[in-house]
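Architecture at a glance
As a plain string of letters, each chain reads:
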Amino acid sequence: MGTITAYRYSKKNSIATIIMMLVLGALFISNIYKAYYSNDRFDLVLFAVFIIALVFTLTIVVFKRLVPAFKGDIILEFNEQVITDHLRNVTINWEDIESIGFRRTRSSALIVVHLKWESDYGKDVSISLRWVAGKDLEIYNTALAYFDSLATPQALDDN
């Protein structure tokens with residue numbers, strides 16, 4: 001059996017996101033309190049809707065990101081045949097990859113996989129590293145190492 005490199009969900013990012021959402025919720029609740037005592041129905045309804053949306057999003061983050069992080073679930077995996085993004089349930093064969101890039105955005109880093117042909121996910125598949133435990137550049141370098149060692153000679157000639 002070949003080598004497998006697996007990355008787990010990030011507890012740190014999950015907790016930081018939840019704390020940020022709780023602070024935002026506290027601000028919304030203070031605005032609801034002010035709107036209630038000033039009889040401002042529009043603001044009361046508006047901030048109540050924001051609170052409902054925030055509670056819904058917070059529930060999703062807890063159950064889809066924090067719980068898997070504490071259970072030690074795998075979110076991203078590299079092996080000799082494929083890259084598997086368990087978050088989006090995407091599996092990409094190394095032989096289907098033309099090149100691999102790295103891009104930083106304001107909120108997270110992305111591994112951008114350029115495929116040789118158009119797939120159901122498009123020609124470029126972005127794998128977000130926001131919820132992945134580990135250093136972004138180290139994860140990217142690991143992906144490059146797998147690609148360089150396992151890609152078909154044709155894929156390397158195309159670069």
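Remember, predicted model here, so these are calculated numbers, not experimental data.

**Considering the overall build of the chain**
When helices and strands are counted, the chain shows four helices and seven strands. Traced from its N-terminal end to its C-terminal end, the chain shows the element sequence β-α-α-β-β-β-β-β-β-α-α. In terms of overall size, the chain is more extended than a compact globule, its C-alpha atoms giving a radius of gyration of 21 Å where 159 residues would be expected to give roughly 15 Å. Along the first, second and third principal axes, the C-alpha atoms of the chain reach 70 × 30 × 25 Å. Buried positions account for 35% of the 159 residues belonging to the chain. Carbon and sulfur atoms form 58% of the exposed surface of the chain, whose accessible area is close to 9,900 Å². One way to put it: in the chain the 16 positive side-chain charges average out to a point 13 Å from where the 17 negative ones average out.

**Some details on the side chain of Ser 14**
On the secondary structure map, Ser 14 appears in helix α1 (residues 11–37). Within the local environment of Ser 14, its side chain forms a polar contact with the backbone oxygen of Ser 10, the two atoms lying 2.9 Å apart. Dropping the residues within four chain positions of it, Ser 14 is found in contact with Val 61, Arg 65, Leu 66, Ala 69 and Trp 131.

Reading the values: rules and limits
Residues numbered from 1 in each chain as written. Predicted model: local features only at pLDDT ≥ 70, side-chain atom pairs only at ≥ 80, totals over all residues. Heavy atoms only, no water. Helix = DSSP H or I, 4+ residues; strand = E, 2+ residues; numbered from the N terminus. Rg over C-alpha atoms; globule rule 2.2 N^0.38 Å. Buried < 20%, exposed > 50% of the residue type's maximum accessible area, 1.4 Å probe, protein only. Areas by Shrake-Rupley, 256 points an atom, 1.4 Å probe, with all protein chains shown as cover. Lys, Arg positive; Asp, Glu negative; His and termini not counted. Charge placed at Lys NZ, Arg CZ, Asp CG, Glu CD. Polar contact = N/O pair within 3.5 Å; in protein donor to acceptor, adjacent residues only side chain to side chain. Contact = heavy atoms within 4.5 Å.

Any functional reading would require information beyond the geometric quantities listed.
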